[in-house]
Amino acid sequence: ENIPTGVISVDKQGSVMRLNPAAVNILGEKAREARSLAELLGEEAARVVQQLMRKSLRLGAAIEASTVLRRTGISPRTAVLIGIRIALIQRDEPG
């Protein structure tokens, strides 16, 4: 909770499950209301992240990349270079 790095937890479909306080600070208060990567990051950045997620699932390993995020909570015209690390967390299905 107290790390300065923004952490966004999503499921395989890109639904936002959780944001830490640093992610909200980076993306703005409206980030709390986002239910999908597209709502949170914008369509273009969400596509990049989802491609990285698919690659990570296919390889079965964490991957890293950088991309320019053009939409943040600050201003739609603000461009921010963000680092992305996709790490897989497998959860056992109940039953």
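Everything that follows concerns the structure shown earlier in this document.
Numbering of residues begins from 1 in every chain and follows the order in which that chain's sequence is written. At least 70 in pLDDT is required for a residue's local features to be given in this predicted model, at least 80 for side-chain atom pairs to be given and counted, and no such filter applies to totals for whole chains, interfaces and linings, which use all residues. Computation of side-chain values: all heavy atoms of the structure, hydrogens and water removed.

### A few points about the overall build of the protein
Rule in force here: The secondary structure listing takes helices from DSSP runs of H or I that are at least 4 residues long and strands from runs of E that are at least 2 residues long, numbered from the N terminus. Burial here depends on accessible area, computed with a 1.4 Å probe over protein chains only, as a share of the maximum for the residue type. Under 20% is buried, over 50% is exposed, and the range in between is partly exposed. Working rule for contacts: check all heavy atoms of both residues, and any pair within 4.5 Å makes them a contact.
Tallying secondary structure elements over the protein gives three helices and four strands in all. Of the regular secondary structure in the protein, the N- to C-terminal order runs β-β-α-α-α-β-β. The 95 residues of the protein split such that 31% are buried. Residue pairs at least 24 apart in sequence account for 29% of intrachain contacts in the protein once pairs closer than 6 positions are excluded.

### A look at the environment of Glu64
Among the structural elements, Glu64 can be located in strand β3 (residues 63-69). For Glu64, the contacting residues outside a window of four places in its chain are Ile84 and Arg85.

### Looking at helix α3 (residues 43-59)
Cut-off, in case you're wondering: Working rule for helices: expected span equals 1.5 Å times residues minus one. Comment: arc refers to directions from the helix axis out to C-beta atoms.
Compared with an ideal rise of 1.5 Å per residue, which puts 17 residues at 24 Å, α3 spans 24 Å between its outermost C-alpha atoms and is within 8% of the ideal. Within the span of α3, buried status applies to Ala45, Ala46, Val49, Leu52, Met53 and Ser56. Along α3, the residues classed as buried sweep out an arc of 125 degrees about the axis, all on the same side. In this structure, α3 carries Glu43, Glu44, Arg54 and Arg58 as exposed residues pointing more than 90 degrees from its buried face. Of the residues trailing α3, Gly60 is marked for its positive phi of about 70 degrees.

### Considering the pattern of salt bridges
To keep things clear, this is the line we draw: The salt bridge criterion pairs a side-chain nitrogen of Lys or Arg with a carboxyl oxygen of Asp or Glu, the two atoms within 4 Å.
A full pass over the atoms with the stated rule returns one salt bridge. In this structure, Arg32 engages Glu29 in a salt bridge whose closest nitrogen and oxygen atoms are separated by 2.7 Å. Taking the relative accessible area as the measure of exposure, Arg32 reaches 51% and is therefore exposed. The exposure class assigned to Glu29 is exposed, which follows from its relative accessible area of 55%.

### With respect to the nonpolar core
To be explicit about the condition: Remark: nonpolar core denotes a set of buried residues (Ala, Val, Leu, Ile, Met, Phe, Trp, Tyr, Cys) joined through side-chain atoms within 4.5 Å.
Counting residues in each nonpolar core, the largest one holds 18 residues, and the members touching the most others are Leu19, Leu37, Leu40, Leu41, Val49 and Ile86. The set of elements that each furnish at least two residues to this core consists of β2 (16-19), α1 (21-27), α2 (37-41), α3 and β4 (80-86).

### Let's talk about the pairing of β2
For the record, the criterion: A pair of strands is considered paired only if DSSP assigns at least 2 bridges between the two.
Inspection of the sheet shows strand β1 (residues 8-10) paired to β2 by three bridges, in the antiparallel sense. Opposite Val10, over in β2, you have Val16 as the bridge partner. Remark: five residues form the turn of the hairpin made by β1 and β2, two consecutive strands paired antiparallel; Gly14 in that turn has positive phi of roughly 90 degrees.

### A look at the side chain of Asn20
Basically, it comes down to this: Any pair of N or O atoms that falls within 3.5 Å is considered a polar contact. Within protein, one atom must be able to donate a hydrogen and the other to accept it, and sequence-neighbouring residues count only if both atoms are side-chain atoms.
Considering the arrangement of structural elements, one finds Asn20 in the loop between β2 and α1. A polar contact of 2.9 Å, which involves the side chain of Asn20, links it to the backbone oxygen of Thr5. There is a polar contact of 2.9 Å between the side chain of Asn20 and the backbone nitrogen of Ala23.

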